[in-house]
Amino acid sequence: IVHSYYSHKVKKEKICNQCINNKKIFKENIISNYFDIGNFLEEEDKKKIDFILKKNINKKNYKKFSISNLPIGKIVLHDIILINRLSNTDTITKKYWTEYKNLLKVCLKVYFAANNFFKKNKIDIFISTNNKYSANRVFFEVSKKFIIKHYSHWGDDLNSYNLLSSYKLTQGIVPGP
């Protein structure tokens with residue numbers, strides 16, 4: 001089953017509710033210092049995102065759009081192609097433009113929030129179990145500016161950890177006994 005921007009509202013709400021419930025379980029039972037990346041998005045960031053979406057992105061430059069040398073336009077394009085099973089990009093601006101811009105907005109939020117998060121938190125090691133999708137990819141790429149040790153696992157044998165989301169951030173690692 002492919003769920004996309006155009007999926008039925010009830011199906012999307014069910015997925016959202018499931019994710020919210022999983023987050024509550026995760027926060028209450030698995031880790032005490034849980035970070036919600038959305039809490040690191042500042043008002044100034046929201047203004048920048050709105051400006052980018054209104055003034056910097058258009059149907060001629062969306063494939064080449066980047067921010068701080070991060071090709072977010074291409075990263076988002078990958079998801080649109082994958083989710084909608086497209087064989088080329090000819091219909092993006094005609095049929096999928098709203099979906100593209102909505103996903104770009106999500107990725108821009110992740111970009112700014114991740115930058116703020118890593119500026120405020122010293123993280124020693126970053127482990128990601130999925131960088132295939134745009135929001136995860138943006139977070140991973142931003143983390144490279146702040147963290148020396150990165151590990152990414154793209155295999156399917158970690159599927160049992162889906163409840164744990166995609167990231168493991170570790171602080172206070174001290175080498176030795």
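Above this text sits the structure in question.
This write-up is about the structure you can find in this document. Note that this is a predicted model, so its numbers are computed, not measured.

Quick notes on helix α2 (residues 43-56)
Here α2 contains 14 residues, and its C-alpha end-to-end distance of 19 Å stays within 8% of the 20 Å for a straight helix at 1.5 Å per residue. The secondary structure elements touched by the buried residues of α2 are α5 (97-120).

Observations concerning the pattern of salt bridges
On inspection of all chains with the given rule, the structure shows 4 salt bridges. For the salt bridge of Lys 120 with Glu 42, the shortest nitrogen-to-oxygen distance reads 3.2 Å. Note that Lys 120 is positioned in helix α5 and Glu 42 in the loop between α1 (9-29) and α2, a separation of 78 residues in sequence. On the basis of relative accessibility, which here comes to 54%, the residue Lys 120 falls in the exposed class. Between Glu 141 and Lys 144 there is a salt bridge, with its nearest N and O atoms 3.4 Å apart. Take Lys 144: its relative accessible area is 42%, and that puts it in the partly exposed class. A single salt-bridge network, built from bridges that share partners, covers Arg 137, Glu 141 and Lys 144.

About the thresholds
Residues numbered from 1 in each chain as written. Predicted model: local features only at pLDDT ≥ 70, side-chain atom pairs only at ≥ 80, totals over all residues. Heavy atoms only, no water. Helix = DSSP H or I, 4+ residues; strand = E, 2+ residues; numbered from the N terminus. Expected span 1.5 Å × (residues − 1). Contact = heavy atoms within 4.5 Å. Salt bridge = Lys/Arg side-chain N within 4 Å of Asp/Glu carboxyl O. Buried < 20%, exposed > 50% of the residue type's maximum accessible area, 1.4 Å probe, protein only.

As far as function goes, none of this settles anything; it's purely spatial.
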